[in-house]
Amino acid sequence: MAKMMEPRFKMCRRLGLNVIGHPKAMERAFKGTSRADKKLSDYGTQLLEKQRLRAYYGVMEKQFARYVEKAFNSKEQPGEALLMILESRLDNMVYRMGFANSIRQARQMVNHGHFLVNGEKVNIPSFRLKVGDEVVLREKSRKTEMFTNNFINNIGNEVPYISKDENSFKGIFIRKPKREELPIIIQEQLIVEFYSK
């Protein structure tokens, strides 16, 4: 399985945005370290925004292009449709539910088969959740303190489109998120323009 393996803090500094959510990611960033600090053409600005969105969700180029194609074929606005596709990935939902500290950690947890989706084991990080789907930490995996502590310590940091039950280590994707509820800083219109050429 292909995945982004470059140094995370270095990538954040280059993109000029903390795409991994780590509090120390931008500590060594200063003027001139980011591509955004340089004078960019329209194409360069659009490309940078695309790279930022890819980095947020840890998606490789080919897969990202497939998601863009699906977004353009949907009935919704392509930019918002793309964000909804990325947001509903299982690895991202595991992260949003608070089982993991990062999308990278969430992806590894999913790969190792720690979760049940609607009662069935799913170990594919790109698996897309539908509204109403339940994600539960497997009984055996609850013995791992890191997983349970992550989930319990994240109570209060929930996003409004996910409901959590700390007693049964369960998260439910209750509704589609509104654009303003997504905790990412991105101008999706630039990405739509990039792929519209």
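Residues numbered from 1 in each chain as written. Predicted model: local features only at pLDDT ≥ 70, side-chain atom pairs only at ≥ 80, totals over all residues. Heavy atoms only, no water.

A. Structural view of the pairing of strand E3 (residues 134–137). One ladder, built from three bridges, connects strand E1 (residues 115–117) with E3; its direction is antiparallel. The residue bridging phenylalanine 115 from the neighbouring strand is leucine 137, located in E3. As defined by bridge partners, E3 adjoins strand E5 (residues 170–173) across three bridges and the pair is classed as antiparallel. In the sheet register, glutamate 134 faces E5, and the bridge partner there is isoleucine 172. (Pairing = 2+ DSSP bridges. Helix = DSSP H or I, 4+ residues; strand = E, 2+ residues; numbered from the N terminus.)

B. View of the nonpolar core. Residues Val19, Leu53, Leu82 and Phe99 are the most contacted members of the largest nonpolar core, which totals 50 residues. No other element matches helix H4 (residues 78–87), which puts six residues into this core. When near neighbours in sequence (up to four residues on either side) are disregarded, leucine 82 contacts Leu53, Phe64, Tyr67, Val68, Ala71 and Ile191. (Core = buried A, V, L, I, M, F, W, Y, C linked by side-chain atoms within 4.5 Å. Buried < 20%, exposed > 50% of the residue type's maximum accessible area, 1.4 Å probe, protein only. Contact = heavy atoms within 4.5 Å.)

C. Examining the UniProt feature "domain: RNA-binding S4" (unreviewed entry) in the protein more closely. Taking the numbering used here, the UniProt-annotated feature "domain: RNA-binding S4" (unreviewed entry) corresponds to residues 88–153. As annotated, residues 88–153 has a helix share of 38% and a strand share of 14%, and its two end C-alpha atoms lie 23 Å apart. (UniProt positions renumbered as here; feature names shortened; annotations may be inferred.)

D. Representation of helix H3 (residues 61–73) in the model. Relative to the 18 Å expected for 13 residues at 1.5 Å per residue, H3 spans 19 Å between its end C-alpha atoms, a close match to the ideal helical length. Restricting attention to buried positions, one finds in H3 the residues Gln63, Phe64, Tyr67, Val68 and Ala71. For H3, the arc enclosing every buried residue in end-on projection is 145°, short of the 170-degree limit, so these residues lie on one face. Facing away from the buried side of H3 by more than 90 degrees, the exposed set consists of Lys62, Glu69 and Asn73. In the core, the buried residues of H3 are packed alongside helix H2 (42–57), H4 and helix H8 (188–196). (Expected span 1.5 Å × (residues − 1). Arc of directions from axis to C-beta.)

E. View of helix H7 (residues 145–153). Phe147, Thr148, Asn150 and Phe151 are the residues of H7 that are buried. Angularly, the buried residues of H7 cover 160° about the axis, an arc narrow enough to put them on a single face. More than 90 degrees from the buried face of H7, the exposed residues found are Glu145 and Asn153.

F. Looking closely at the environment of proline 183. Within the secondary structure layout, proline 183 lies in the loop between E5 and H8. C-alpha separation for the pair proline 183 and glutamate 166, spaced 17 residues apart in sequence, amounts to 22 Å. Excluding anything up to four places from it in sequence, proline 183 contacts Arg96, Val159 and Tyr161.

G. Up close: the environment of serine 41. Among the structural elements, serine 41 can be located in the loop between helix H1 (8–15) and H2. Here the side chain of serine 41 touches glycine 44 through a polar contact of 3.1 Å, landing on its backbone nitrogen. (Polar contact = N/O pair within 3.5 Å; in protein donor to acceptor, adjacent residues only side chain to side chain.)

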